[in-house]
Amino acid sequence: MQKGFLLFLVFAIMLCTATRGEAQVKFAPLEIKERTLAHGLKVVSLRDNSSPTVAIHVWYKVGGKDDPQGKSGFAHMFEHMMFKSTKNMPNEKMDRLTQDVSGFNNASTWDDFTNYYEVVPSNYLETLLWAEAERMENLNVDDANFASEREVVKEEFRQSVLANPYGRFYEYINSLSYTTHPYKRGVIGDLDQLNAATSADAREFHKTYYRPDNAYLIVVGDFDQKQFDTWTDRYLGRIAKPATTIPRVTIKEPSRTKEVRFEKTAPNVPFPAVAITYLGPRSDDPDAAALSLASNILSGGESSRLYQSLVYKQQIAQSASFTVDDKVDGGLLYFSAIASEGKTAAELERSLLAELKRIQSGGVTLKELTKAKNQQIADNIRDIETNDGKAGAIEDGIAYEHNPRAVNSWVANIQAVTAADIKRVMKKYFSDTNRVVIYYSNEGGTK
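Criteria and cut-off values
Residues numbered from 1 in each chain as written. Predicted model: local features only at pLDDT ≥ 70, side-chain atom pairs only at ≥ 80, totals over all residues. Heavy atoms only, no water. Helix = DSSP H or I, 4+ residues; strand = E, 2+ residues; numbered from the N terminus. Rg over C-alpha atoms; globule rule 2.2 N^0.38 Å. Buried < 20%, exposed > 50% of the residue type's maximum accessible area, 1.4 Å probe, protein only. Pairing = 2+ DSSP bridges. Axes fitted to C-alpha atoms, helices over the stretch in contact; angles between N-to-C directions. Contact = heavy atoms within 4.5 Å. Core = buried A, V, L, I, M, F, W, Y, C linked by side-chain atoms within 4.5 Å. Parallel < 35°, antiparallel > 145°, perpendicular 65-115°, else oblique. Nonpolar A, V, L, I, M, F, W, Y, C, P; charged D, E, K, R; others polar. Salt bridge = Lys/Arg side-chain N within 4 Å of Asp/Glu carboxyl O. Phe/Tyr/Trp six-rings, centres within 6.5 Å; stacked < 30°, edge-to-face > 60°.

K.L.:
Is there a simple way to think about the overall build of the protein chain in this case?
P.N.:
Secondary structure assignment for the protein chain yields 16 helices and 11 strands. Against the globule reference of 22 Å for 447 residues, the protein chain gives a C-alpha radius of gyration of 23 Å, in line with a compact fold. Based on the C-alpha atoms only, the size of the protein chain along its principal axes is roughly 60 × 55 × 35 Å. For the protein chain, buried positions account for 52% of its 447 residues.

Structure below.
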């Protein structure tokens, strides 16, 4: 009830201030505590006793970009293997420890990191800390677990990439946009390279990256701080300190000097699609907030510029978007669209570039900027209503800004962006000589 009223109040303040031309919303900063254990594990905690639950997130600095050469998909496969047996837990025990007490768990793999998380009643915190320590230290990377999870990942690839008419299209956006950086490999994996991997490769991967000095433990919710610290020391603090160094990706993606074009086809593509990609800044760059707001203005819903132009007025596209794909070593900024019946990729490209020129030359209106800020601020406030949402926000700060407390400055960063900032970044990162254009259509021509 209290949280619902708080959100209503935030919306009310934003609505009132929007009529004056600028939203100004303030919220109390999260009182985050940090400490580092002797072996390097970083611990971030936030007490919130508004519900009798606790969210436990374990974040590892290993993602798709860290896949061994010739073994694309390894980080993703390990996300699955971490739910298998350990020295002291049978297969799928994490499900029993969470779902059987009305909680939940999950995990995800990204280009730059992999995260694991659970939400349980707060009296199960100690059990979950023990379980997270167990799979960090004692995971069974044996032939049976390796073989079963490799098949699961291969099936995910078949369903999400091969069976989806536009699955290959979105894989091409990464693989054709980067020439050098391992971001070009994507995260989900490659069937041939997964087939060539061995359980020995998997054991080496776990040993290399799944260690306390490559991880954050983030806990938010209903707990006693002293008790939590004691349990953390007892279960995670006892893991041996690794002696080896952790390999890091140091490859730099070179700047683009000319337009590059590709034409790709795939079976069962109902309508042509186009992507126009540009290299973006690092995820911790100060321009990130302005680019994010530009994304809202260009493609944040049916009143956005791209929808109104390509979908509603011209009726040449069934969808059109502008995406800011944040990545630690330098993200991607791309326009994409899927055509309406009878329309072509060339028509989509012309209209997308016309909208780019329009925002570069004319900028954005105060009304558009205010609306975009309101959307993002509301999303941020809504995201941190729950313990799991707060833990996720802290995790995003760690992943993309290297700062667990970054969540406390996000609203202020959004509010500080001006219309001039958006015009500036849209000129800075987008030109006629630094783009990759991808046409995607049905194999064998128009259906």
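K.L.:
I would appreciate a short explanation of the sheet that holds strand β5 (residues 114–121) in the present structure.
P.N.:
Each strand in a sheet pairs with its neighbour through backbone hydrogen bonds, running either in the same direction (parallel) or in the opposite one (antiparallel). Taken in spatial order, the 6 strands line up as β1-β2-β6-β3-β5-β4 in an open sheet, and their pairing is mixed. The open sheet has two free edges, formed respectively by β1 (33–36) and β4 (104–109), since each of these has just one partner strand. Direction aside, the axes of adjacent strands within the sheet are offset by 15 degrees on average. With 4 bridges connecting them, β1 and strand β2 (residues 42–47) associate as antiparallel partners. Bridge assignment links Glu34 to a residue of β2, and that residue is Val44. Where helix α14 (residues 387–401) meets the sheet, its contacts fall on β2, β3 (53–60), β4, β5 and β6 (215–221), and the angle it forms with β3 comes to roughly 20 degrees.

K.L.:
Where do I start with the nonpolar core in this structure?
P.N.:
Across soluble globular proteins, nonpolar side chains have a tendency to be buried as a group. Core analysis: the biggest nonpolar cluster contains 48 residues, and Tyr60, Leu125, Leu129, Tyr210, Leu217 and Val219 have the highest contact counts within it. Here the element with the most residues in this core is helix α4 (residues 125–137); it accounts for 6 residues. The residues touching Leu129, leaving out its near neighbours within four places in the chain, are Leu217, Val219, Phe228, Trp231, Thr232, Tyr235 and Leu236.

K.L.:
Please clarify how the packing of helix α10 (residues 288–299) against helix α13 (residues 366–383) should be interpreted in this entry.
P.N.:
Helices that pack against each other are described as a pair by the angle of their axes relative to one another and the distance between those axes. Relative to each other, α10 and α13 sit at 105 degrees, their axes nearing to 9 Å. On the basis of their axis angle, the class for α10 and α13 is roughly perpendicular. Facing α10, whose interface residues are Ser292, Leu293, Asn296 and Ile297, α13 presents Glu368, Leu369, Ala372, Lys373, Gln375 and Gln376. Its residues assigned to classes, the contact of α10 with α13 comprises 4 nonpolar, 4 polar and 2 charged.

K.L.:
Even after reading the chapter, I still don't get the pattern of salt bridges, so can you show me in this structure?
P.N.:
Oppositely charged side chains can pair when the atoms bearing their charge come close. Inspection of the entire model under this criterion finds 31 salt bridges. Its salt-bridge partner being Arg35, residue Asp229 comes within 3.5 Å of it at the nearest N-O pair. Placement of Asp229 in helix α9 (residues 225–235) and of Arg35 in strand β1 is noted, with a sequence separation of 194 residues between them. For Asp229, a relative accessible area of 21% corresponds to the partly exposed category. Taking the shortest distance from any N to any O, the salt bridge between Glu355 and Arg358 comes out at 3.1 Å. Of this pair, Glu355 and Arg358 both sit in helix α12 (residues 345–362), 3 residues apart, which is roughly one turn of that helix. The exposure class of Arg358 is partly exposed, given its relative accessible area of 43%.

K.L.:
Which parts of the structure should I look at to understand the sheet that holds strand β11 (residues 436–442)?
P.N.:
Within the open sheet, the 5 strands sit side by side as β7-β11-β8-β10-β9. Their pairing is mixed. For this open sheet the edge positions go to β7 (260–266) and β9 (317–325), each flanked by a neighbour on one side alone. Sheet twist, expressed as the mean angle between neighbouring strand axes with direction ignored, is 15 degrees.

K.L.:
Help me understand the packing of aromatic side chains, please; the structure alone is not making it clear to me.
P.N.:
Within a pair of aromatic rings, the relevant descriptors are the distance that separates the centres and the angle that separates the planes. Throughout the structure, instances matching the rule amount to 22 aromatic pairs. Measuring from ring centre to ring centre gives 5.2 Å for Phe169 and Tyr440, while their planes differ by 40 degrees; the resulting arrangement is tilted. A residue pair is termed long-range when its members are at least 10 positions apart, and Phe169 in helix α6 (residues 167–177) and Tyr440 in strand β11 qualify at 271 residues. Classification of Phe169 as buried rests on a relative accessible area of 0%.

K.L.:
Would you mind showing me how to read the packing of α10 against helix α11 (residues 305–313) here?
P.N.:
With their axes 4 Å apart at the nearest point, α10 and α11 run at an angle of 30 degrees to one another. When the interaxial angle is binned, α10 and α11 end up roughly parallel. Contacts between α10 and α11 involve Ile297, Leu298 and Ser299 from the first element and Arg305, Leu306 and Tyr307 from the second. For the contact of α10 with α11, the residue count by class is 4 nonpolar, 1 polar and 1 charged.

K.L.:
What is the right way to read the environment of Leu333 from this model?
P.N.:
Position of Leu333 relative to the elements: it lies in strand β10 (residues 332–339). A relative accessible area of 2% places Leu333 in the buried class. Separated by 196 residues in sequence, Leu333 and Glu137 place their C-alpha atoms 38 Å apart. When sequence neighbours within four positions are dropped, the list of residues in contact with Leu333 reads Ile276, Thr277, Tyr278, Leu279, Gly280, Leu291, Phe322, Thr323, Val324, Tyr429 and Phe430.

K.L.:
Quick question: what am I supposed to make of the environment of Ile422 here?
P.N.:
Inspection of the secondary structure assignment puts Ile422 in helix α16 (residues 419–428). For the pair formed by Ile422 and Ala290, sequence separation is 132 residues and the distance between their alpha carbons is 5.4 Å. Beyond its immediate chain neighbours, meaning those up to four positions away, Ile422 contacts Ala290, Leu293, Ala294, Ile297, Ile359, Val364, Leu369 and Val417.

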